[in-house]
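Residue-level listing of the chains:
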Amino acid sequence: MKLKKSIISVAAFTTLAVAGGASASAQEIEVKKGDTLWGLAKEYGTTVDQLKTWNNLGSDLIFPDQELKVSSKEYYTVKKGDTLWGISSSYGISVDSLQGWNALESDLIVPGQELLINLDDKQASTPVNTSEQEEAAPAPQEEATPEVAPEAEEPAAEPAEAAPQEEQDGVVKELTVEATAYTAECEGCSGITATGVNLKENPDAKVIAVDPEVIPLGSKVYVEGYGYATAEDTGGAITGNRIDVFIPSKDQATDWGRKTVNVKVLETK
């Protein structure tokens, strides 16, 4: 078995690239011809079901050169624009769990910060479809262990999601609003939002100003053309179906202008 990456401790581990330019680390192996999930589970002191959950597998079929996670612990490095909501959703875990594992007292995270992910708490998700390669192998038994599938063509890439999952599931409310932009770098601006977020110290925060009667403060939202954000601020001119999106650069805020966008409220407090 070729061990490609392993975790030594929180302070010493090897990183690997993940979607969006962020990075994560986990104990991972490369499947070789003859390997089975049952055999790998025995070798690494885990179960077939755990391996399938960690790797989002819909059957017991694995392929040579396929990379599999063999540990429940993973470390994710925060990138610009990340939110706890987005990270927890991508891993199928709750925001509360992510905060608990990392002793976070608020939703505030910063680029370069490392977050512990416990894959054992991963919620059920749609398994990877391998039916296009060949039929799934039967569940391995103690008495007769099925062999790994023979060398095959590269598995077909999964189709890209048409839209973020949060846009499709778990939407509390959806509305059309008039959106303008604002920045903390202005004369007389404190840079502190209505909920206490310091935008001057956290210029990468994804924050919007809202009318709390329409979108409650603390709500997680997806704003068309802006992305995932949190309703953390208010404004004298922000009433009814109006929002202000925070953009750190004054020039970029000016370029945003005034536009009509769709907002999906994903979670409210």
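Residues numbered from 1 in each chain as written. Predicted model: local features only at pLDDT ≥ 70, side-chain atom pairs only at ≥ 80, totals over all residues. Heavy atoms only, no water.

1. Description of the environment of T83
The topology assignment puts T83 in the loop between β4 (67-77) and α3 (84-91). Measuring from C-alpha to C-alpha, the distance between T83 and K206 comes to 7.8 Å, with 123 residues separating the pair along the chain. Residues within four places of T83 in sequence aside, it is in contact with I109 and Y228. There is a polar contact of 3.0 Å between the side chain of T83 and the backbone nitrogen of G86. (Helix = DSSP H or I, 4+ residues; strand = E, 2+ residues; numbered from the N terminus. Contact = heavy atoms within 4.5 Å. Polar contact = N/O pair within 3.5 Å; in protein donor to acceptor, adjacent residues only side chain to side chain.)

2. Observations concerning the sheet that holds strand β11 (residues 259-267)
Judged by pairing direction, the barrel is mixed, and its six strands sit side by side in the order β6-β10-β7-β9-β8-β11 before closing back on the first. On average, each strand axis in the sheet is tilted by 45° relative to the strand beside it, whichever way the strands run. Summarising the sheet, strand β7 (residues 207-209) and strand β10 (residues 242-246) pair through two bridges and their orientation is antiparallel. Opposite A209, over in β10, you have D244 as the bridge partner. (Pairing = 2+ DSSP bridges. Axes fitted to C-alpha atoms, helices over the stretch in contact; angles between N-to-C directions.)

3. Observations regarding unusual backbone geometry
Here the phi dihedral of N56 falls at roughly 55°; this positive angle occurs in a residue that is not glycine. Examined against the element boundaries, N56 turns out to sit in the loop between α2 (48-54) and β4. Non-glycine residue D65 carries a positive phi angle of around 75°.

4. Some points on the pairing of strand β8 (residues 220-223)
Along β8, one buried face is formed by K220 and Y222 and the opposite face, lined by V221 and V223, is buried too. Here β8 pairs with strand β9 (residues 227-233) via four bridges, running antiparallel. Opposite V223, over in β9, you have G227 as the bridge partner. Hairpin connection of β8 to β9: three residues between the antiparallel strands, including G225 at a positive phi of 85°. When β8 meets β11, the two strands line up antiparallel, connected through four bridges. For V221, the partnering residue across the bridge sits in β11 and is V265. (Buried < 20%, exposed > 50% of the residue type's maximum accessible area, 1.4 Å probe, protein only.)

5. Side note on the environment of P248
Residue position: P248 is located in the loop between β10 and α6 (250-256). By relative accessible area, which is 34% here, P248 ends up partly exposed. Spatially, the C-alpha atoms of P248 and D204 are 7.2 Å apart, while their sequence positions differ by 44 residues.

6. What about the pattern of salt bridges?
For the structure shown, the criterion picks out seven salt bridges. Between K79 and D82 there is a salt bridge, with the nearest N and O atoms lying 3.5 Å from each other. Given a relative accessible area of 25%, K79 falls into the partly exposed group. Accessibility expressed as a relative area gives 17% for D82, which makes it buried. One network of salt bridges, with partners in common, ties together E178, R242 and R258. (Salt bridge = Lys/Arg side-chain N within 4 Å of Asp/Glu carboxyl O.)

7. Observations regarding α3
Buried within α3 we find L84, W85, I87, S88 and Y91. The arc enclosing the buried residues of α3, seen along the axis, measures out at 165°, which places them on a common side. Within two residues after α3, G92 carries a phi angle of roughly 70°, on the positive side. (Arc of directions from axis to C-beta.)

8. Quick notes on the side chain of D35
Along the polypeptide, D35 turns up in the loop between β3 (23-30) and α1 (37-43). Despite its burial, D35 remains without a salt bridge, the nearest opposite charge being carried by K32 at 5.3 Å. (Lys, Arg positive; Asp, Glu negative; His and termini not counted.)

9. Let's talk about the nonpolar core
Among the nonpolar cores identified, the biggest contains 30 residues, and I208, I215, Y226, I243 and V263 are the most heavily contacted of them. Listing elements by their share of this core, those giving two or more residues are β6 (173-182), β7, β8, β9, β10, α6 and β11. Sort the elements by how many residues they give to this core and β6 lands first, with five residues. Every residue in contact with Y226, bar those within four places of it in the chain, is listed here: A205, K206, V207, I208, V245, F246, I247 and W256. Within the second largest apolar cluster, 29 residues are counted, among which are A41, Y76, L98 and Y228. (Core = buried A, V, L, I, M, F, W, Y, C linked by side-chain atoms within 4.5 Å.)

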